[in-house]
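Structural description and commentary
Residue-level listing of the chains:
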Amino acid sequence: DTEVTQTPKHLVMGMTNKKSLKCEQHMGHRAMYWYKQKAKKPPELMFVYSYEKLSINESVPSRFSPECPNSSLLNLHLHALQPEDSALYLCASSPSSGSDNEQFFGPGTRLTVL
Amino acid sequence: GENVEQHPSTLSVQEGDSAVIKCTYSDSASNYFPWYKQELGKRPQLIIDIRSNVGEKKDQRIAVTLNKTAKHFSLHITETQPEDSAVYFCAAREVNTGFQKLVFGTGTRLLVSP
């Protein structure tokens, strides 16, 4: 399996809802990433996990809470989001986080916050 | 931290022509420069990358050049085809974190007309 998968593909939520985005890879990669991408903009790094430990948090608001239950799974828990958080959320993985390897992106979850 | 600039923002060519996209980076310590292609509604996909110990790399119709002194790198696509139409992002790895943090350029929308 050489793909990163993400669920759901689309998500619409209200500002008081709690939801979770899920990401999975079975390539044995030990680094996983969350990116946020607004329309016509580049991906912006949110979090980096290396060997299931949070290694980088790019000053992301606490309404976004990442979790890495094991080496294959990455979650992003969402709570009390704002309309400006509407975006495409991309997960990526790479063999490791300390060297120059390709980052493989998932298809993304398109999030709309009402 | 690293800052990456990318030009042009849009590029229209006729099928069969060449296309060149240019990026500059600010951190002379950066040592890994991937290029990603993102088709409309799809995930970013790596098309070519280059490391700082190499000046040029080619893969069929795609080539990347790196000038470390000037801190710029370029993507060259020859014999363009309509299926090359997409948004292209350059990126540079920010090294001071010890983790693979990619900083992306703002993107170039390439349109290849038949």
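This section reports on the structure supplied with the text. Keep in mind that this is a model prediction, so the values were computed, not measured.

Criteria and cut-off values
- Residues numbered from 1 in each chain as written.
- Chains lettered and ligands numbered in written order.
- Predicted model: local features only at pLDDT ≥ 70, side-chain atom pairs only at ≥ 80, totals over all residues.
- Heavy atoms only, no water.
- Helix = DSSP H or I, 4+ residues; strand = E, 2+ residues; numbered from the N terminus.
- Buried < 20%, exposed > 50% of the residue type's maximum accessible area, 1.4 Å probe, protein only.
- Contact = heavy atoms within 4.5 Å.
- Areas by Shrake-Rupley, 256 points an atom, 1.4 Å probe, with all protein chains shown as cover.
- Lys, Arg positive; Asp, Glu negative; His and termini not counted.
- Charge placed at Lys NZ, Arg CZ, Asp CG, Glu CD.
- Buried area = accessible area lost by both parts, 1.4 Å probe.
- Salt bridge = Lys/Arg side-chain N within 4 Å of Asp/Glu carboxyl O.
- Polar contact = N/O pair within 3.5 Å; in protein donor to acceptor, adjacent residues only side chain to side chain.
- Core = buried A, V, L, I, M, F, W, Y, C linked by side-chain atoms within 4.5 Å.
- Pairing = 2+ DSSP bridges.
- Disulfide = S-S within 2.5 Å.

Scanning chain A from terminus to terminus reveals zero helices and eleven strands. Taken from the N to the C terminus, the helices and strands of chain A come in the order β-β-β-β-β-β-β-β-β-β-β. By principal-axis analysis of the C-alpha atoms, chain A measures approximately 40 × 25 × 25 Å. Counting across all 114 residues of chain A, residues that qualify as buried make up 47%. Of the contacts made within chain A by residues no fewer than 6 positions apart, 54% connect residues no fewer than 24 positions apart. Accessible surface computed for chain A: about 5,400 Å², of which carbon and sulfur atoms make up 50%. Positive and negative side-chain charges in chain A, numbering 12 and 11 respectively, have mean positions lying 9 Å apart.

Turning to the interface of chain A and chain B, a few remarks are in order. Taken together, the 27 residues of chain A in the interface contact 20 residues of chain B. Between chain A and chain B, the buried area comes to about 2,000 Å², and carbon and sulfur atoms account for 50% of it. Ranking the residues of chain A by area buried against chain B places Pro42, Asp100 and Phe105 of chain A at the top, with a combined share of 29%. Linking chain A with chain B are two salt bridges, by the criterion used here. When residues of the side of chain A that touches chain B are traced back to their parent elements, those giving at least two are strand E4 (31–37), strand E5 (44–50), strand E6 (53–57) and strand E9 (87–94) of chain A.

Residues and elements named next belong to chain A. Counting through the fold element by element, Gln6 comes out in strand E1 (residues 4–7). Separated by 3.0 Å, the side chain of Gln6 and the backbone oxygen of Tyr89 make a polar contact. A polar atom in the side chain of Gln6 sits 2.9 Å from the backbone nitrogen of Gly108.

Another point: the pattern of salt bridges. Residue and element names in this part refer to chain B. Taken as a whole and judged by the stated rule, the model has nine salt bridges over all chains. Across the pair Arg51 and Asp49 runs a salt bridge whose closest N-O atoms are separated by 3.8 Å. Owing to a relative accessible area of 30%, Arg51 belongs among the partly exposed residues under this scheme. Asp49 gets classed as buried once you look at its relative accessible area, which sits at 8%.

Right, let's talk about the nonpolar core for a bit. By size, the foremost hydrophobic cluster in this structure holds 24 residues, and its most contacted members are Trp35, Phe73, Leu75 and Leu110 of chain B. Setting aside anything within four residues of it in sequence, one finds Leu110 of chain B in contact with Leu11, Val13, Ala19, Ile77, Asp84, Ser85, Ala86 and Tyr88 of chain B. Val60, Phe64, Cys91 and Leu111 of chain A belong to the second-largest nonpolar core, a separate cluster that totals 22 residues.

In this section: the pairing of strand E9 (residues 86–94) of chain B. Residue and element names in this part refer to chain B. The element E9 is largely enclosed, with a buried count of nine among its nine residues. Because side chains alternate across E9, one face comprises the buried residues Ala86, Tyr88, Cys90, Ala92 and Glu94, and the other comprises Val87, Phe89, Ala91 and Arg93, equally buried. Examined bridge by bridge, strand E4 (residues 32–38) and E9 share four bridges and lie antiparallel to one another. Each residue of the ladder has a partner; that of Lys37, found in E9, is Tyr88. The pairing of E9 with strand E11 (residues 108–113) spans three bridges and is antiparallel. When the sheet's bridge partners are listed, Val87 is paired in E11 with Arg109.

Considering all chains together, one arrives at two disulfides over all chains under this definition. A sulfur-sulfur distance of 1.9 Å marks the disulfide that ties Cys23 of chain A to Cys91 of chain A. For the disulfide bridge between Cys23 of chain A and Cys91 of chain A, the dihedral angle about the S-S bond is near -70°, and by the sign convention the bridge is left-handed. Pair noted here: Cys23 of chain A is in strand E3 (residues 18–25) and Cys91 of chain A is in strand E9, with a separation of 68 residues, a long-range link. Look at Cys23 of chain A and you get buried, because its relative accessible area is 2%. The disulfide partner of Cys23 of chain B is Cys90 of chain B, and the gap between their sulfur atoms is 2.0 Å.

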